[in-house]
There are 2 protein chains.
Amino acid sequence: MAKDKKLVEAITSMSTDFAQWYTDVVKKAELMDYSSVKGCMIFKPNGYAIWENIQKQLDAKFKECGVENVYMPMFIPESLLQKEKDHVEGFAPEVAWVTQGGLETLQERLCVRPTSETLFCDLYKNIVQSYRDLPKVYNQWCSVVRWEKTTRPFLRSSEFLWQEGHTAHATAEEAEERTIQMLNVYADFCEQVLAIPMVKGRKTDKEKFAGAEATYTIEALMHDGKALQSGTSHNFGDGFAKAFGIQYTDKENKLQYVHQTSWGMSTRLIGALIMVHGDDSGLVLPPRIAPTQVMVIPIQQQKDGVLDKANELKDRLAKNFRVKLDDSDKTPGWKFAEQEIRGISTRIEIGPKDIEANQCVIVRRDTREKIVVSLDEVETKLAEVLETMQADMLAKAKKFLAEHISDATTYDEFKDAVENKPGFIRAMWCGELACEEKIKADTTATSRCMPFEQEQISDVCVCCGKPAKKLVYWGKAY
Amino acid sequence: MAKDKKLVEAITSMSTDFAQWYTDVVKKAELMDYSSVKGCMIFKPNGYAIWENIQKQLDAKFKECGVENVYMPMFIPESLLQKEKDHVEGFAPEVAWVTQGGLETLQERLCVRPTSETLFCDLYKNIVQSYRDLPKVYNQWCSVVRWEKTTRPFLRSSEFLWQEGHTAHATAEEAEERTIQMLNVYADFCEQVLAIPMVKGRKTDKEKFAGAEATYTIEALMHDGKALQSGTSHNFGDGFAKAFGIQYTDKENKLQYVHQTSWGMSTRLIGALIMVHGDDSGLVLPPRIAPTQVMVIPIQQQKDGVLDKANELKDRLAKNFRVKLDDSDKTPGWKFAEQEIRGISTRIEIGPKDIEANQCVIVRRDTREKIVVSLDEVETKLAEVLETMQADMLAKAKKFLAEHISDATTYDEFKDAVENKPGFIRAMWCGELACEEKIKADTTATSRCMPFEQEQISDVCVCCGKPAKKLVYWGKAY
């Protein structure tokens with residue numbers, strides 16, 4: 001058992017040092033590794049499998065709402081990036097530049113895409129002529145590069161994986177509708193599949209995307225009380241269309257500019273899964289997203305018939321579940337610890353005594369509850385356990401979120417909350433950039449969003465005392 | 001009908017100008033578009049959907065044989081690329097170099113991956129310690145960049161999409177076994193799913209991958225008689241392991257070098273689909289790979305009940321098939337032409353008279369055969385039609401391949417075959433680089449592979465007359 005202990009002890013306790021706990025989980029669950037390329041990470045099989053499941057399920061939802069997948073070049077010529085003024089100002093300082101191709105120096109630098117608005121605009125300019133060509137609802141799954149100085153696995157790295165949707169519409173109304181529709185697709189996916197509740201709202205002008213008219217966001221709360229921006233959806237109005245000249249002839253044969261949106265979620269979501277559901281034994285994955293939902297672990301597997309029975313059970317379960325069997329020569333205790341570290345939703349223990357009694361033991365990863373079930377009804381019972389676990393994990397995360405939102409009506413209350421009450425702070429804001437900047441400078445908290453569900457919890461701005469315009473969620477953030 | 005005619009006439013006849021026919025099909029089927037980034041293409045929805053289907057089905061086959069997916073950085077530091085001598089010589093002249101990150105000039109140039117052997121070696125060096133850590137059978141789906149001067153859609157472009165598998169094994173035998181196993185996975189996939197028969201064999205030293213001990217290939221024959229290298233599988237022996245220092249302790253506690261392989265297929269396969277199955281009306285997609293297997297086209301859709309019935313039919317078929325309904329306000333003739341250009345495997349025509357007779361008409365894309373079926377059994381009949389079509393397309397491609405292989409035992413016969421008999425030429429070879437180079441200089445034909453099934457069709461080299469060592473497939477190639 002010495003070895004088992006070592007495996008578990010390898011993870012720093014969450015309450016001792018949350019940042020170290022996070023790094024330990026990422027490493028011990030074998031999700032990701034540093035590479036010898038500065039700022040770039042390696043997605044190992046356990047980590048990439050989570051992303052594959054996210055892709056598969058999110059992509060199915062996209063297709064249900066008319067999204068078509070494409071693939072655009074990874075390079076953007078400098079002149080193209082510069083066409084929209086705000087956009088280039090936002091991104092130019094953090095892109096990687098290709099200056100040589102083969103043995104030649106390029107006449108024009110190419111940046112490695114940090115995001116692809118400009119490429120999609122260039123495409124739409126060429127393929128949109130008439131109202132019949134609209135809407136265009138394209139998406140791509142790809143990697144993007146933003147030259148970051150400090151990196152953290154899944155949360156911030158020079159290269160990351162994401163999807164970026166880019167749409168063009170005939171009217172402003174339709175663009176706004178699509179912007180909100182995709183934000184809701186994101187929020188529903190996170191809640192239903194990842195068991196992570198989201199706060200939905202609009203970003204302030206300071207926090208919005210470079211070139212957008214409006215940016216909407218979903219914000220999750222991590223276990224340490226910090227917020228994580230988990231997905232954004234932008235309405236560009238006709239700003240990009242004017243910069244790129246994307247026009248169509250309407251039914252009255254008049255030239256009009258299109259209205260555009262873009263929206264994206266990334267491998268950050270894996271960071272959210274770790275920090276919302278993880279515990280001191282490692283990762284805990286909700287069944288709907290877990291690459292392995294159940295690990296069958298034989299007890300006393302050297303005894304006659306145990307491995308056969310375990311294999312038979314695995315094959316039975318493989319019809320309905322994502323199941324694996326650990327028949328390695330490690331001890332059961334070691335196997336339990338590994339299954340727990342990796343966040344595999346459940347394990348099934350089966351040994352000689354179980355076989356004699358025609359039963360096995362399902363153990364939930366989140367609560368460690370042990371459920372003895374008859375082998376005759378293991379499929380039904382396991383399905384029930386996984387469904388209950390999924391629901392319980394969401395309920396727990398919702399409770400945590402609700403318990404970590406505090407209201408502040410005075411600046412002293414606000415500062416006290418930032419110091420002593422980890423989580424979101426709801427406070428009124430006058431709408432001025434100066435107050436946002438002062439709050440950030442004084443407390444490090446930033447405006448996370450102006451929630452869709454507005455309330456007037458005070459009449460004055462929490463910072464300057466002038467008349468309040470908006471309720472804002474504030475918080476420290478990743 | 002003027003418009004329908006225009007649509008069809010937009011495609012140059014294959015026999016008039018094959019290259020132009022190819023370009024026309026790519027454009028008119030809306031598979032791909034040029035971008036304003038030199039050498040880079042845009043995969044449009046119709047083209048990307050084919051790639052998605054290839055990915056989905058090939059990835060399932062990979063997982064059946066123990067492959068795990070990962071994602072590695074897209075950048076390779078110059079010093080890492082240089083570690084294996086042959087490898088860097090092969091790739092350095094055609095890579096894109098990142099020299100600036102954000103506002104800073106990088107201390108070391110990074111190349112955008114042209115392939116990722118060096119990154120996987122760097123990873124394996126860190127994660128492989130003992131025989132227990134082997135084998136490693138990793139794969140990634142990604143894009144790679146090779147700075148090409150001339151480009152052709154799907155066949156050659158500066159950036160393309162592919163998968164690259166990279167494995168590490170304890171023994172040379174296991175590595176060789178995996179190399180051949182994956183080549184067979186490729187060949188079977190191409191034959192069973194893409195309906196493209198392959199010639200399998202080993203590359204000559206001249207044609208093998210930079211850094212490999214042996215390269216195996218699958219070669220397909222295009223309709224113009226040119227060969228297309230469609231997938232390769234490389235055995236590296238312990239060459240990379242020695243260059244990177246990838247060692248493990250075996251069961252006797254002795255340090256050993258690992259043996260490695262890599263294998264890849266790319267979006268070139270879409271080019272193969274076009275040039276093997278296409279005709280003068282456009283693309284023809286085998287049902288197993290077609291993003292849309294059947295397009296329901298209502299006839300006289302303005303008449304009462306027609307659209308309802310067509311919709312009902314589409315919904316019924318959606319349970320078992322990839323189906324779409326074209327209810328746009330175009331004429332049926334126009335819709336037929338579009339369905340044909342896009343290569344949608346079948347269409348179902350349904351009009352007032354059909355509805356009255358409780359029937360519909362299935363039309364095969366490949367033969368244009370019309371099959372009248374009762375609406376009561378449309379699912380069964382359509383499934384049969386699609387299966388027959390898949391089998392017929394493979395049989396036709398096999399027949400074409402068999403009819404386009406000629407034997408040459410003298411150099412005159414060889415040169416005549418290159419001129420007058422489009423296809424593969426089988427001829428004996430002495431094994432000398434000089435003959436390979438002379439043949440290429442004299443005829444433009446290159447050695448495609450030394451087939452696994454060797455025969456001695458002559459005792460002497462077709463070029464120099466010295467004793468023959470190998471039967472080789474030669475041909476002009478893309």
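Residues numbered from 1 in each chain as written. Chains lettered and ligands numbered in written order. Predicted model: local features only at pLDDT ≥ 70, side-chain atom pairs only at ≥ 80, totals over all residues. Heavy atoms only, no water.

Here's the deal with the interface of chain A and chain B
In this assembly, 53 residues from chain A lie in contact with 53 residues from chain B. Counting the surface lost from both chain A and chain B, the interface buries some 4300 Å², and carbon and sulfur atoms represent 62% of this. Ranking the residues of chain A by area buried against chain B places P45(A), Y71(A) and W147(A) at the top, with a combined share of 14%. For the interface between chain A and chain B, the tally reads 6 salt bridges. (Contact = heavy atoms within 4.5 Å. Buried area = accessible area lost by both parts, 1.4 Å probe. Salt bridge = Lys/Arg side-chain N within 4 Å of Asp/Glu carboxyl O.)

Some remarks on the relation of the copies chain A and chain B
Mapping chain A onto chain B leaves a residual RMSD of 0.0 Å; the transformation is a rotation of 180° accompanied by 0.0 Å of translation along its axis. In the structure described here, the two chain copies are related by an operation that fits a two-fold rotation axis. Relative to the rotation axis, the C-alpha of V98(A) is the closest in chain A, positioned 2.1 Å from it. Most of the interface of chain A is mirrored in chain B, where 100% of its interface residues again form contacts. (Least-squares fit on C-alpha atoms with pLDDT ≥ 70 in both.)

What to know about the sheet that holds strand β6 (residues 104–112) of chain A
An order of β4(A)-β6(A)-β5(A)-β5(B)-β6(B)-β4(B) is seen for the 6 strands of this open sheet, with the pairing classed as antiparallel. The sheet is open, and its two edges are formed by β4 (75–77) of chain A together with β4 (75–77) of chain B, each paired on a single side. For this sheet the average axis-to-axis angle between neighbouring strands, irrespective of direction, equals 45°. Direction of pairing for β4(A) relative to β6(A): antiparallel, over a ladder of 3 bridges. For I76(A), the partnering residue across the bridge sits in β6(A) and is C111(A). (Pairing = 2+ DSSP bridges. Helix = DSSP H or I, 4+ residues; strand = E, 2+ residues; numbered from the N terminus. Axes fitted to C-alpha atoms, helices over the stretch in contact; angles between N-to-C directions.)

Brief notes about the pairing of strand β23 (residues 470–475) of chain B
All names here are of chain B. Burial runs high along β23: 5 of the 6 residues are buried. Here strand β21 (residues 424–429) pairs with β23 via 5 bridges, running antiparallel. The residue bridging W429 from the neighbouring strand is K470, located in β23. (Buried < 20%, exposed > 50% of the residue type's maximum accessible area, 1.4 Å probe, protein only.)

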